[in-house]
Structure formats: structure tokens, C-alpha cells
Amino acid sequence: MLLRFIKNWTLPISMTTGALAYLIGRELPLAGDMKAEIIRDIEVLQPALLFCMLFVTFCKVAPTDLKPRRLHLWLLLIQCVFFVLSCLLLHLFPQTEYRLMIETFLLVIICPTATACAVVTTKLGGDAGMTTSYTILICLIAAIMIPVFLPLATARHGMDFLPTLLLITRHVFPLLLAPLFLAWAVRYFLPKLHQTILKQKDLGFYMWAVALALAIAVTVRALCNSNIGIGDMTGIAIVSLIGCIMQFWLGKKIGAHYGFRLEGGQALGQKNTIFAIWLGYTFLSPISATAGGFYSIWHNLVNTYQLNKANRANKTNK
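Residues numbered from 1 in each chain as written. Predicted model: local features only at pLDDT ≥ 70, side-chain atom pairs only at ≥ 80, totals over all residues. Heavy atoms only, no water.

### What to know about the overall build of the protein
Stated precisely, the cut-off is as follows: Each helix is a run of DSSP H or I of at least 4 residues and each strand a run of E of at least 2, with the numbering of both proceeding from the N terminus. Exposure is judged per residue with a 1.4 Å probe applied to protein chains only, and the accessible area is read against the type maximum: over 50% gives exposed, under 20% gives buried, and values in between give partly exposed. Note on contacts: a residue pair qualifies if any of its non-hydrogen atoms lie within 4.5 Å across the two residues. Each accessible area is a Shrake-Rupley result for a 1.4 Å probe, and residues are judged covered by the shown protein chains and nothing else.
Along the backbone of the protein there are 14 helices and zero strands. Going from N to C terminus, the protein has its helices and strands arranged as α-α-α-α-α-α-α-α-α-α-α-α-α-α. Projected onto the principal axes, the alpha-carbon positions of the protein cover approximately 60 × 55 × 40 Å. Classification of the 318 residues of the protein by burial places 50% in the buried group. For the protein, the share of sequence-separated contacts (at least 6 apart) that also reach a separation of at least 24 residues comes to 83%. Accessible surface computed for the protein: about 15,700 Å², of which carbon and sulfur atoms make up 69%.

### Quick word on the nonpolar core
Selection rule: Buried Ala, Val, Leu, Ile, Met, Phe, Trp, Tyr and Cys residues that are joined via side-chain atoms within 4.5 Å together make up what is termed a nonpolar core.
Counting 79 residues, the largest nonpolar core has Phe83, Leu106, Ile146, Leu150 and Leu279 as its most contacted members. For this core, the leading source of residues is helix α10 (residues 203–225), giving ten residues. If you look at the next biggest cluster of nonpolar residues, it comprises twelve residues, including Met130, Ile138, Phe260 and Leu268.

### Remarks on helix α2 (residues 10–27)
Helical periodicity: at 3.6 residues per turn, an α-helix aligns residues three or four positions apart in one direction. Definition in use: Take the number of residues in a helix, subtract one, and multiply by 1.5 Å to get its expected span. Directions from the helix axis toward the C-beta atoms define the arc.
The terminal C-alpha atoms of α2 lie 26 Å apart, and with 18 residues this matches the ideal 26 Å at 1.5 Å per residue to within 8%. Within α2, the full set of buried residues consists of Thr10, Leu11, Ser14, Met15, Gly18, Ala19 and Tyr22. Down the axis of α2, the buried side of the element spans an arc of 160°, and every buried residue falls inside it. Exposed and facing more than 90 degrees away from the buried side of α2 are Ile24 and Glu27.

### Comments concerning the environment of isoleucine 228
Within the secondary structure layout, isoleucine 228 lies in the loop between α10 and α11 (230–257). Taking the C-alpha atoms as reference points, isoleucine 228 and serine 288, separated by 60 residues in sequence, lie 9.5 Å from one another.

### Details of the packing of α2 against α10
Where we set the bar: For helices, the fitted line uses only the C-alpha atoms of the stretch in contact; every axis is such a line through C-alpha atoms, and the angle between N-to-C directions lies from 0 to 180 degrees. These descriptions rest on fixed angle ranges, namely under 35 degrees for roughly parallel, over 145 for roughly antiparallel, 65 to 115 for roughly perpendicular, and the rest for oblique. Crossing handedness is defined as follows: a turn of the near helix away from the far one that is anticlockwise and smaller than a right angle gives a left-handed crossing, while the clockwise case is right-handed. Gly counts as polar in this scheme, as do all residues outside two lists: the nonpolar Ala, Val, Leu, Ile, Met, Phe, Trp, Tyr, Cys and Pro, and the charged Asp, Glu, Lys and Arg.
One can describe the packing of α2 onto α10 by two numbers: an axis separation of 7 Å at closest approach and a directional angle of 40°. For the element pair α2 / α10, the angle class is oblique. Crossing hand, α2 versus α10: right-handed. Partitioning the contact of α2 with α10 into residue classes produces 16 nonpolar, four polar and two charged.

### Details of the packing of helix α5 (residues 99–110) against α11
Between two packed helices, what matters for the description is the angle formed by their axes and the separation of those axes. The interhelical angle for the contact between α5 and α11, taken along N-to-C directions, is 35°, at an axis separation of 9 Å. Our pair here, α5 against α11, has a crossing hand that is right-handed. Contacts between α5 and α11 involve Leu100, Met101, Thr104, Phe105, Val108 and Ile109 from the former and Asp232, Gly235, Ile236, Val239, Ser240, Gly243, Met246 and Gln247 from the latter. Grouping the constituent residues of the contact of α5 with α11 by class yields eight nonpolar, five polar and one charged.

### With respect to the confidence of the model for the protein
Put simply, the rule is: Values of pLDDT, which run from 0 to 100, indicate the predictor's confidence residue by residue.
Summarising the model, the protein shows a mean pLDDT of 84, and 93% of its residues fall at 70 or more. At the level of individual helices and strands, the protein shows its lowest average pLDDT in helix α1 (residues 2–8), which scores 64, and its highest in helix α12 (residues 261–269), which scores 96.

### Points about the pattern of salt bridges
Once their charged atoms are close, side chains differing in charge can pair, the charge on each being opposite to the other. To keep it simple, the criterion reads: By convention in these notes, a salt bridge is any Lys or Arg side-chain nitrogen within 4 Å of a carboxyl oxygen on Asp or Glu.
Enumeration over the complete set of coordinates arrives at three salt bridges. Put simply, arginine 40 and glutamate 37 hold a salt bridge, and the shortest N to O gap is 2.7 Å. Here arginine 40 and its partner glutamate 37 are both found in helix α3 (residues 32–58), three residues apart, which amounts to about one turn of the helix. The class for glutamate 37 is partly exposed, based on a relative accessible area of 36%. Across the salt bridge formed by arginine 69 and aspartate 127, the nearest N and O atoms sit 4.0 Å from each other. You can see arginine 69 sitting in the loop between α3 and α4 (70–92) and its partner aspartate 127 sitting in the loop between α6 (117–123) and α7 (128–153), a full 58 residues away along the chain.

Shown next, in the form of C-alpha cells:
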């Protein structure tokens, strides 16, 4: 019974564990050096877990599964058009009282698909190759669009295209492409190991649950350490929630037209929120960066709902 409960509610348990771990750890009478060391260890452990998780998941994705589809074009168009419109609004009305809300929407709309999207898509019974293809495409497009249009939205000067392009590429691609190429190498050169990995059905998902706990701990830390008023925090939370619901809905609506309803929703709705936080801190403001933290909560709640719905459907069909 306990194991079934943990399996059905893995994501909320993971999120709650991460949040409580940070809040409890903050109150412990630990020396500053020790707390700094723990933070550094988490910064190393988190990408290591993500790498392993993606490697296990990508072992299930053949090179032939990665191909551009017409659905990808529509999803890219949605992200790019809303991003450009947001940048133009901030350029035309730089002193608007809604600037923080527009910045929030800008961040959650251009943010690339989460590298973990393929893991959740697989767990939900979808096509991981389709979402992986889109993850690579949107990372490429975001790396080009951000240096071109973000200077319109900010008073920050000197955002040269090539250095910013390389900065974004270096921030996004190593963790995405390295496990993909390693998985393909294992597929072709170590077939027995590849088959052994394929037999571990939910290994990638549970690795992601641990990585999610760490990500939520980092998110709660960022929110607690931000100098943000309750009014701004509420506004950012609401706008990021609207952006989350809108993107999942649009992705599923368009995806259904092409026979990829689930994959369309995940590709457009599940975001690399660590990238959104980094983008906000680097090019906008620490306050707007909290949009990524709130979005992390919203899209994982959506995933929790979808996973529980899928589990109920599987029980009914048995």
C-alpha cells in the first residue's frame, strides 16, 4: 500500500521533500562554510543526476526517431511570436506599470522545453523522440532569438549577438546532447548493456524525481532570498500560471490535430525553468527571475495531474 502510494504520488512527494529539505536546512545551526559546501554539492549532483536520467531515457530513442515535424513548426511559431510581441511591448512602453508582469510572460514563453520532458512523455506513454526533437529545435531557436530581440526589452546595452549566442548555447546544449550521443554510442557498440538499460522501465523517472526534489529546493531558496514584495510575488505567480496553462492547452490543441496531443502539450508546456531563472538574473532582473521558480511549481503540478490520470486509466483497463 505504501509503495503504491509513493509510486502514484512521486512528484508531489518529491516537490514537498525538496521544499521541506531547504526550509529545515536553513534553520539548522550549521556553519556558513558547511551550508556553502552543501550548496556546491547540490550544484554538482543536480546536473549529474539529469545527465544519468537523460542517458537512460535516450537509450529508448533511436536516431531515426528524431526528425522535424509540421507540429514542431507551429509550436516554434507560438513561442517566437509571443516572445517578439512581449519584447516590442517593453520597447514601446519601457515605463509601464505592468513591466514586471510582461517580463514574467516573456521568460516563460521563450524558455526552451525541459530536458526532462522526454522522461515524463515516456512515463505517460508518449513519443519521446518527438519531444526530444522539439527540445533540440527550440534550444537552437531560443539561442538565436534571445540575442536578437531581448535587447529591445531591456535597457541593458552591449548584448552582442555572437557572445550571447555562445553563452546561451553553452548553458543549454552540453546537458542535452552529451547524454544523447552517449546513449546512441551504447546502442550501437554495447548492445547488451543497451538491452539491460531498456529493461529498467522507470529508472529514468525515479532519477528525475530525485533531481526534481533538488530543483524545488533550489527554487524555494531563490524565492526566499529574493527581495520581492507580496504584490509583485502574487502577480508573477499568476502570470506564470496563466502562461503555463496557456502553453499546455495550445500544445495539446495543436498536437491533437497531428495525432500528438500529449507530446504537443509536454513540448510546449514543460519548461527548462533553471534556464528561465538564469535568463532573468542575467539579462532582466532578480525579481523577474522568480518567474522560473513559480513556473517550476505549476508545470510539475500539471505533470502530477496527468500522471495520476494515466495511472487511473491503466487500472481501469486492467
